[in-house]
Amino acid sequence: MRIAFAEVAQETDSFSPLVAELSDFEAYGLYFGDEVTEQMRGVGPLGGFLEVAEQQPQPVELIPIMRAWGSAGGTITARALDYLTSRLVDGLRQALPLDAVFLSLHGAAASANEDDVEGFVLNAVREVVGPDLPVVVALDHHANITQRMVDLADTLIGHETQPHDPPATGRKAARILFRQLRGEIKPAMAWRKIPMITPQDQFLTSVGPMKEWFDLAREIERRPGVLDASPYPMQPWLDVAEGGWAVVVHTDNDAELVESLADELADKAWLLREQFWASERVAPAEAVRQASAAERGLIILSDTGDSVYGGAPGDSTIILRALLDQPSECLAYVPVVDPEALAAAMKVGTGSPITVELGGKVDNIFSQPVRVTGRVAAVSKGFVVDLGDRGVCDLQQTALLEVGSLRIALLGHRSFAINHPVLYTHLGLDMNDAQMVVLKTASNFQFFARWRTGLIRVDSAGTTQSDLTAFQWQRVPRPIYPLDDLPSRRG
């Protein structure tokens, strides 16, 4: 049994001023051939796939093709997509003959000339392996499901939780694939598009309407004959021609059942649509006031408008400005992506006074640079950290500015570690000392769980802001909720 496996994944923010070059994929590790197997054990959906593959009773020959993960960012350049697709196609051609293909994709990627990157990649795969070979896809559940994806994949399996557990998704998809290859099941698929977009405020699957919807998916999976039920609340900043929420359901060769279950799961989301717009966001100044007045412990200030994990630049100064406007003795940790300010700090060195125009250089529509004067408290010429199932992260150069009670961590590039305690601890800070920390994410707070005593979602403007009505939508299909009036019943 010969199975080729690969990953080509990126999450696109259509409203971000960034563009995703090949260097964005290289920053997180661009691997080919045997290097994929060596680097991806235990990491992401590919790590989950490898784990299940190695547990099979019959011999399995695994052919690693490539791993290209670009995290979240702006639109992928045509040049980068062409390069990645050609490397995938060349690898598959050399791997023939095959019994199956396992793909890890994101589902919400768009390029300069291709709205549906995943459909484009799947089409390229099919041109090599033909229409009948099993092709199983592990997806982020913030994917945008398209007709082409459904037509070209045997199964589309999404994450079950937010925060995500990518290895678990790989294991789930792999188990379905091996059951299919052994002839134990014959997957039947149905899907429904749901004409709605919603902000990120209710994206956690542990509480609220998202929990209710995802709990229904898990209950459906316990019913006889059901292989998978995947809800897809599309990430909110993807302006593409087939944009919108979706569900995908798989049964074991039961076409009638799979259609009814897809209706049930889609109808549930539509029923809850108003609840998905519920928000507890707080204005920046009020958020800082509440955090400063809180009892001792770490309060997370979620910078919803500048979510690096959603594709934002990471250089917003909105919360920083609010902190500077309300000086206090509360120690606050703040990250800012600003290569110019970082270079200035590295040049003067540790212990030196410094005045810089900070942030607001890439996202200069929603925020502007802030002049700060302080002291360079620490510099790091490079730091590589293993983040477990998130892979290896290279922070590269970083610096720490001390500005009153603020400790500002400067990064030269967007990094997954921007929302991880290691950003501060590797610069000599102790998380136990902080009363506030700004996180450039709206939902991935898990890395600070041991210190966290409170969370405030800050209503900050930016390319990942929750006020979706403020964007100029140009490509999503209309009508769509809540931008347009729609009937009370879905469809």
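Counting of residues starts from 1 at the beginning of each chain's written sequence and follows it residue by residue. Side-chain atom pairs in this predicted model are given and counted only at pLDDT of 80 or more, local residue features only at pLDDT of at least 70, and totals for whole chains, interfaces and linings cover all residues. Side-chain numbers here rest on the full set of heavy atoms in the structure, without hydrogens or water.

Asker: Is there a simple way to explain empty space enclosed by the protein in this structure?
Answerer: By rolling a water-sized probe across the atoms, one finds the places where empty space is left. Whether a set of points on the 1 Å grid over the protein atoms alone is a cavity depends on a 1.4 Å probe fitting there but being unable to get out, while an open set qualifies as a pocket with protein on both sides within 12 Å along at least five of seven lines; lining residues are those with an atom within 4 Å of a point. Grid points are joined across faces, edges and corners, and a volume is the space filled by probe spheres set on the points. Within this structure, the stated rule accounts for four cavities of 30 Å³ or more. Each pocket or cavity is described by its volume, and for the second largest cavity that value is around 50 Å³. Residue lining of the second largest cavity: Val8, Ala9, Gln10, Phe25, Ile76, Leu81, Leu84, Ala109, Val117 and Glu118, and that is the complete set. Helix and strand definitions here come from DSSP, where helices need a minimum of 4 consecutive H or I residues and strands a minimum of 2 consecutive E residues; each element is numbered from the N-terminal end. Of all the elements in the fold, those that place two or more residues in the lining of the second largest cavity are strand E1 (2-12), helix H4 (78-95) and helix H5 (117-129). The greatest single-element share of the lining of the second largest cavity, amounting to three residues, is contributed by E1. For this scheme, ten residues count as nonpolar: Ala, Val, Leu, Ile, Met, Phe, Trp, Tyr, Cys and Pro. Four count as charged, namely Asp, Glu, Lys and Arg, and the remainder, Gly too, count as polar. The class makeup of the residues in the lining of the second largest cavity is eight nonpolar, one polar and one charged.

Asker: How should the nonpolar core be read in this particular structure?
Answerer: Among the nonpolar cores identified, the biggest contains 46 residues, and Ile145 and Leu156 are the most heavily contacted of them. Residues within four places of Ile145 in sequence aside, it is in contact with Leu139, Val150, Leu156, Trp191, Lys193, Tyr232, Glu242, Ala246 and Val248. With 38 residues, the next largest nonpolar core counts Trp213, Val226, Trp237 and Leu272 among its residues. By nonpolar core is meant a set of buried Ala, Val, Leu, Ile, Met, Phe, Trp, Tyr and Cys residues that side-chain atoms within 4.5 Å join together. Relative accessibility under 20% of the residue-type maximum defines a buried residue, over 50% an exposed one, and the middle range a partly exposed one, all with a 1.4 Å probe and only protein chains included. By the convention used here, residues are in contact when the closest approach between their heavy atoms is within 4.5 Å.

Asker: Help me out: how do you make sense of the pattern of salt bridges in this one?
Answerer: Here the idea is simple: oppositely charged side chains can pair when their charged atoms come close. A carboxyl oxygen of Asp or Glu within 4 Å of a side-chain nitrogen of Lys or Arg is what we treat as a salt bridge. Counted by the stated rule, this structure contains 32 salt bridges. Glu114 serves as the salt-bridge partner of Arg148, at 2.7 Å between the closest nitrogen and oxygen. Within this pair, whereas Arg148 is found in helix H6 (residues 147-152), its partner Glu114 is found in the loop between strand E6 (100-105) and H5, the two being separated by 34 residues in sequence. Accessibility expressed as a relative area gives 27% for Arg148, which makes it partly exposed. Note that Asp215 and Lys211 form a salt bridge whose closest N and O atoms lie 2.7 Å from each other. Note that Asp215 and Lys211 are positioned in helix H8 (residues 208-221) at a spacing of four residues, about one turn of the helix. Overall, Asp215 belongs to the partly exposed group, its relative accessible area being 35%. Using a relative accessible area of 34% as the deciding quantity, one classes Lys211 as partly exposed. Each of Glu160, Lys172, Arg218, Glu221 and Asp228 takes part in salt bridges that share partners, so that together they form one network.

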